[in-house]
Amino acid sequence: MSQFWKPGSERPRLVDDGEGGVFFYSATPSSSRFGYASMEKQRQRLPVFKYRTAILYLVENHATTIIVGETGSGKTTQIPQYLKEAGWAEGGRMIACTQPRRLAVQSVASRVAEEMGVKLGEEVGYTIRFEDLTNPDLTRIKFLTDGMLLREMMDDPLLTKYSIIMVDEAHERSVSTDLLFGLLKKIQRRRPDLRLIISSATIEAKTLASFFDTSKKSHVGTDKESEPKKVPAMLSVEGRGFDVEIHYLEESVSDYLQTAVSTVLAIHDQEPAGDILVFLTGQDDIDAAVQLLTEENENHGRHASGLTIVPLYSGLPRAEQDLVFYPTPKGKRKIVISTNIAETSLTLEGVVYVVDSGFSKQRYYNPIADIENLIVAPISKASARQRAGRAGRVRSGKCYRLYTEEYYIKEMMSEGTPEMQRSNLVSCVIQLKALGIDNILGFDWPVLPSPEAIIRALEILYSLDIIDEDAKLTSPTGFQVAEIPMDPMISKMILSASSLGCTEEIITIAAVLSIQSIWVFGRGAQKELDEAKLRFAAAEGDHITYLNIYKGFLHSGKSAQWCHKNFINYQTMKKVIEIREQLKKVLQRMGVSLKSCDGDTNIVRKAVTAGFFAYACRLEAFGPSGLYKTVRSSEDVYIHPSSVLFRKVLMFSYILLSLFWA
Ligand SMILES: Nc1ncnc2c1ncn2[C@@H]1O[C@H](COP(=O)(O)OP(=O)(O)OP(=O)(O)O)[C@@H](O)[C@H]1O
């Protein structure tokens, strides 16, 4: 068996899982640097503390400061506090700190409130879609998603209430982060007093610095004595909290899900106490892993006894997501099985071990065919480091990467492709329009999206009557669509439902469309799942099927048993109810009336079509292939296997086959 290790590190230690033949070797030594201390002492021991004065000096003197520091060095939780202590939140001003994900916003806000000894929602607050826990008179440090900051610009284009905006986890390069970069640069020209901090563990600091460098450009770039320097400052925070021992697979494996499960069981069997955080790709994977571990628990108690298994993905209701933060009961080991929602900014106190599958679900958009796919793709080194960083936050930890070190070094990309270059830009374009930026192509993009994607987005918005011939937002439709915090097609569907008289039904459909899946995917139970789908399947397709499921759920008294029996995810159904209620409030605020068409499916389908007609397809070859062609570009498309219509195609092929064989 070949053994190799990183230069300078200790000789690798082989670890045998004793079960599925999975071998890891240790590539870095383990040593704990410090133990428990009071919260204030803990704060001072974080690597970023040594840089407190430097950070405050750079922020004072530069319009933009780019801070790069290891995961866990204290960027997110400490820098906003330093700024507040230095007076940046005085005189009614606020400090904003953005995060790409909602869960991270909530968890860092509560941590900072706890460290400051204040009540969450007062001096420290947060805002995410459909939830605002801030107090306009009291809040001085506000955490929010980058998408919410974009929304705030609609009411306050110069973001006047903020003295400093910190864009955290910038390496993620979500569409909203990139949009924010371009817009903040624009705001800085009008507000020299505004300071920006861009922070991350792994960002390409030089590229970003040159994007924010306005010193070379004509008169706007001339530094005035009273103003901060226009050349961005760059600071590297050295040091990390606790060590994380990295283990790689000896040989690559084809089934990362099964390997993740056997790795969890191996850790549980062989390693001392400590919770395990497993990174898989999506709800389907996670459900399958939960089931495999639960079965293991039931059938082979020896291995899996003492395990508390907790799934974590964005489609779960808040209360279920919170389970990951609860202390693990004594004598138990918690296994959190998560998507990349837990990749950045989260501290799960009990987590000592991380299992990284090396994959995540990523969007890929083809503007020519106008098809956006969510595909399972390899993660970047930046993501892998973030994942490993979830161990070793309150004590030293271990990370088991389910790929080889050679793959990590030679093949894994250092950073992922910015989402802007692989996404449908309809939402992004409407946001710019709502902010009065009409020359979309001339916008100062930190990374250029493809012109085809922009043109396609403009085309769709025009066809939806959201923008007019001059590419300006229409009134009232365009402005209303921009106000509803949903995908523009969903928003247009909701507004059309208002005039058609079926808002009650459509907001249910909109809520289901905004989560990943309401079905429970379990290995080996495909037949039962298919049968369950058939119980609700409507000939008209998935949208009407969702209405049937929602009705059934309400009829059952929102019963968990009913969901279990029907292969429906109970947590996701609770989330649907949560989103539906929020949507109701938004519509009521906008003065849009809520009406029901009493289940008239034709009316509901008209509203769905009003939002989604751009995706219309023509059935080409009725039969086993189930081939459709898109009306717009004649691309070949097929019904997705998860759709209830897929069954129709299958049934038709069975009939054809039986006729053929008869
Ligand atoms: N909820 C929490 N419970 C206990 N300790 C915490 C919590 N949140 C943060 N910490 C401590 O503060 C440290 C710094 O966290 P912080 O989120 O500020 O780091 P960071 O540099 O922003 O890293 P990342 O980008 O990975 O989030 C953590 O490593 C941990 O030791």
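Owing to the predicted nature of the structure, the values given are computational and were not obtained by experimental measurement.

Trainee: I'm lost on the overall build of the protein chain in this one. Help?
Mentor: Scanning the protein chain from terminus to terminus reveals 24 helices and 21 strands. Counting over 662 residues, the protein chain shows a buried share of 45%.

Trainee: Please explain helix α2 (residues 52–61) as it appears in this structure.
Mentor: What sets the pattern is the α-helix's 3.6 residues per turn: residues three or four places apart point alike. Inspection of α2 places Ile55, Leu58 and Val59 among the buried residues, and these make up the whole buried set. Projection of α2 onto a plane perpendicular to its axis shows the buried side chains occupying an angular sector of 100°, all on one side. Facing away from the buried surface of α2 by more than 90 degrees, the exposed residues are Thr53 and Glu60.

Trainee: What exactly am I supposed to notice about the site of the ligand here?
Mentor: Near the ligand there are 20 residues, and of these Thr71, Gly72, Thr76, Thr77 and Thr347 occur at the shortest range. By residue number, the principal contributor to the shell around the ligand is helix α3 (residues 75–85), which donates four residues.

Trainee: Got a minute to help me understand unusual backbone geometry in this structure?
Mentor: Most peptide bonds take the trans configuration, and most residues that are not glycine carry a negative phi. A cis amide bond, omega 0°, links Ser475 with the succeeding residue Pro476. In this model, Ala471 sits at a positive phi of 60°, which is unusual for a non-glycine residue. Despite not being glycine, Phe567 shows a phi value in the positive range, around 60°. Inspection of the secondary structure assignment puts Phe567 in the loop between α21 (560–565) and α22 (570–590).

Trainee: Quick question: what am I supposed to make of the sheet that holds strand β21 (residues 636–638) here?
Mentor: The three strands lie next to each other as β19-β20-β21, forming an open sheet whose pairing is antiparallel. Edge positions in the open sheet fall to β19 (617–621) and β21, since each of these has one partner strand only. Mean inter-strand twist for the sheet, computed between neighbouring axes without regard to direction, equals 45°.

Trainee: Mind showing me how you'd approach the packing of helix α14 (residues 426–434) against helix α15 (residues 451–463) here?
Mentor: Any two packed helices are characterised by the angle at which their axes cross and by the distance between the axes. Their axes nearest at 9 Å, the elements α14 and α15 cross at an angle of 75°. Here α15 runs roughly perpendicular to α14, going by the angle between their axes. Residue-level inspection shows Val426, Val429 and Ile430 of α14 in contact with α15, the latter providing Ile454, Ala457, Leu458, Ile460 and Leu461. Taken together, the residues that form the contact of α14 with α15 break down as eight nonpolar, no polar and no charged.

Trainee: Any chance you could explain the sheet that holds strand β8 (residues 162–167) here in plain terms?
Mentor: Strand pairs in the sheet, formed through backbone hydrogen bonds, run parallel or antiparallel to each other. Judged by pairing direction, the sheet is mixed, and its eight strands sit side by side in the order β6-β5-β7-β4-β8-β9-β3-β10 without closing on themselves. Since the sheet does not close on itself, it has two edges, and those belong to β6 (131–133) and β10 (233–237), each with one partner. This sheet shows a mean twist of 20° between the axes of neighbouring strands, independent of strand direction. In the sheet, strand β5 (residues 124–128) pairs with strand β7 (residues 141–145) via four bridges, with the strands oriented parallel. Note that in β7 the partner of Gly125 across the bridge is Lys142. Lying on the sheet, α2 is in contact with β3 (64–69), β8, β9 (195–200) and β10; it crosses β10 at an angle near 165°. Each of β4 (94–99), β8 and β9 touches helix α6 (residues 175–190); the most contacted strand, β8, lies at about 150° to it.

Trainee: Please explain the packing of helix α18 (residues 503–513) against α22 as it appears in this structure.
Mentor: Between α18 and α22, the least distance of the axes is 9 Å, while the angle of their chain directions is 130°. The pairing of α18 with α22 is recorded here as oblique in orientation. For the element pair α18 and α22, the recorded crossing hand is right-handed. Contact residues: Thr503, Ile507, Thr508, Ala510, Ala511 and Val512 in α18; Val576, Ile579, Arg580, Leu583, Lys584 and Leu587 in α22. Looking at side-chain class alone, the contact of α18 with α22 contains eight nonpolar, two polar and two charged residues.

Trainee: Any chance you could explain the nonpolar core here in plain terms?
Mentor: It is characteristic of soluble globular proteins that their nonpolar side chains tend to be buried jointly. In this structure, Val278, Ala289 and Ala510 are the most contacted members of the largest nonpolar core, which totals 162 residues. Ranked by residue count, the leading element in this core is helix α8 (residues 256–270), at eight residues. Discounting residues that sit within four places of it in the chain, Ala510 has contacts with Met486, Ile490, Met493, Ile494 and Leu583.

Trainee: I would appreciate a short explanation of the environment of Ile603 in the present structure.
Mentor: Within the fold, Ile603 resides in helix α23 (residues 601–612). Residue class for Ile603 comes out partly exposed when judged on the 18 C-beta atoms lying within 10 Å of it. Sequence separation between Ile603 and Leu500 is 103 residues, and the spatial gap between their C-alpha atoms is 6.8 Å. Beyond its immediate chain neighbours, meaning those up to four positions away, Ile603 contacts Leu500, Gly501, Cys502 and Cys597.

Trainee: Would you mind going over the pairing of β7 with me for this structure?
Mentor: Regular strands have side chains that alternate between both faces of the sheet. Of all five residues making up β7, five are buried, and the element is well covered by its neighbours. Note that β4 and β7 share five bridges and pair parallel. Directly across from Cys97, in β7, lies its bridge partner Phe143.

Trainee: Whenever I open this one, the pairing of β5 confuses me. Can you help?
Mentor: Across the five residues that make up β5, a large majority, five, are buried. Taking every second residue as pointing to the same face, both faces of β5 are buried, with Val124, Tyr126 and Ile128 on one and Gly125 and Thr127 on the other. Remark: two residues form the turn of the hairpin made by β5 and β6, two consecutive strands paired antiparallel; Phe130 in that turn has positive phi of roughly 70°.

Trainee: Sorry, what's going on with the confidence of the model for the protein chain here?
Mentor: It should be kept in mind that the predicted coordinates are not to be read in detail where pLDDT is low. Model confidence for the protein chain is summarised by a mean pLDDT of 85, while 88% of its residues fall at 70 or above. When pLDDT is averaged over each element of the protein chain, β8 comes out on top at 98 and strand β1 (residues 14–16) at the bottom at 31. For the stretch residues 652–662, pLDDT sits under 50, and the model shows six contacts to residues farther than four places along the chain or on other chains. Here the predicted complex carries an ipTM of 0.98, next to a pTM of 0.82.

Trainee: What am I meant to see in the environment of Leu554 here?
Mentor: Within the secondary structure layout, Leu554 lies in helix α20 (residues 542–555). On the neighbour-count criterion, Leu554 (13 C-beta atoms within 10 Å) is partly exposed. Distance from Leu554 to Met573, taken between C-alpha atoms, is 10.0 Å for residues 19 residues apart in sequence.

Trainee: What exactly am I supposed to notice about the environment of Leu184 here?
Mentor: Its location among the elements puts Leu184 in helix α6. Judged by the 20 C-beta atoms lying within 10 Å of it, Leu184 is buried. In sequence terms Leu184 and His62 are 122 residues apart; their C-alpha atoms lie 14 Å from each other. Those residues in contact with Leu184, other than ones at most four positions away along the chain, are Ile165 and Leu196.

Parameters and conventions
Residues numbered from 1 in each chain as written. Predicted model: local features only at pLDDT ≥ 70, side-chain atom pairs only at ≥ 80, totals over all residues. Helix = DSSP H or I, 4+ residues; strand = E, 2+ residues; numbered from the N terminus. Buried ≥ 20, exposed ≤ 12 C-beta atoms within 10 Å, placed from the backbone. Arc of directions from axis to C-beta. Near = placed C-beta within 6 Å. Pairing = 2+ DSSP bridges. Axes fitted to C-alpha atoms, helices over the stretch in contact; angles between N-to-C directions. Parallel < 35°, antiparallel > 145°, perpendicular 65-115°, else oblique. Contact = placed C-beta atoms within 7 Å. Nonpolar A, V, L, I, M, F, W, Y, C, P; charged D, E, K, R; others polar. Left-handed = near helix turned anticlockwise from the far one by under 90°. Core = buried A, V, L, I, M, F, W, Y, C linked by C-beta atoms within 7 Å. pLDDT = per-residue confidence, 0-100.

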